[in-house]
Amino acid sequence: MTTQKPSSTCDRLTQRELIDKAFTYLNAFKRHRALALIKRNERDFEKANYHEMRAYQTFDSLELSLRAIQRGQRDLDGGDE
């Protein structure tokens, strides 16, 4: 017999999945930041700008993941704060 989640949370990611996603975004941010620096040192400014832009986009995704984790934690804590 399988345990099903309540219908209101069926489409939501679990806290563990959100944390894994946040770390994936963090690693991608660091990778793009490093690649931007490398490309800038190689004087390939077009690719450097691309990686810098991707780093900012990835950072925004990281922030959204952290906010989702925070919202989930507040729900578990009963809405305090």
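Residues numbered from 1 in each chain as written. Predicted model: local features only at pLDDT ≥ 70, side-chain atom pairs only at ≥ 80, totals over all residues. Heavy atoms only, no water.

Quick word on the nonpolar core
In plain terms, the rule: The term nonpolar core refers to a set of buried residues drawn from Ala, Val, Leu, Ile, Met, Phe, Trp, Tyr and Cys, joined through side-chain atoms within 4.5 Å. Exposure classes here rest on a 1.4 Å probe applied to the protein chains alone. A residue is buried below 20% of its type maximum, exposed above 50%, and partly exposed in between. Every helix listed is a DSSP run of H or I at least four residues long, and every strand listed is a run of E at least two residues long, numbered separately from the N terminus. Whether two residues are in contact is decided by their heavy atoms, any of which lying within 4.5 Å being enough.
Counting residues in each nonpolar core, the largest one holds five residues, listed as Leu18, Ala22, Leu62, Ala68 and Ile69. Every element with two or more residues in this core is listed here: α1 (15–41) and α2 (45–76). The dominant element in this core, judged by the number of residues it contributes, is α2, at three residues. In contact with Ile69, not counting residues within four places along its chain, are Gln15, Leu18, Ile19 and Ala22.

What to know about the packing of α1 against α2
Rule in force here: Axes here refer to lines fitted to C-alpha atoms; in helices the fit is confined to the stretch in contact. Angles between the N-to-C directions go from 0 to 180 degrees. Angles below 35 degrees are treated as roughly parallel, those above 145 as roughly antiparallel, those between 65 and 115 as roughly perpendicular, and all remaining angles as oblique. Throughout, a crossing is termed right-handed when the near helix is turned clockwise from the far one, and left-handed when it is turned anticlockwise from it by less than a right angle. Residues were grouped as follows: Ala, Val, Leu, Ile, Met, Phe, Trp, Tyr, Cys and Pro as nonpolar; Asp, Glu, Lys and Arg as charged; and all remaining residues, including Gly, as polar.
Where α1 contacts α2, the two axes come as close as 8 Å, and the packing angle between them is 160°. Here α2 runs roughly antiparallel to α1, going by the angle between their axes. The handedness of the crossing between α1 and α2 is left-handed. Partitioning the contact of α1 with α2 into residue classes produces 17 nonpolar, nine polar and seven charged.

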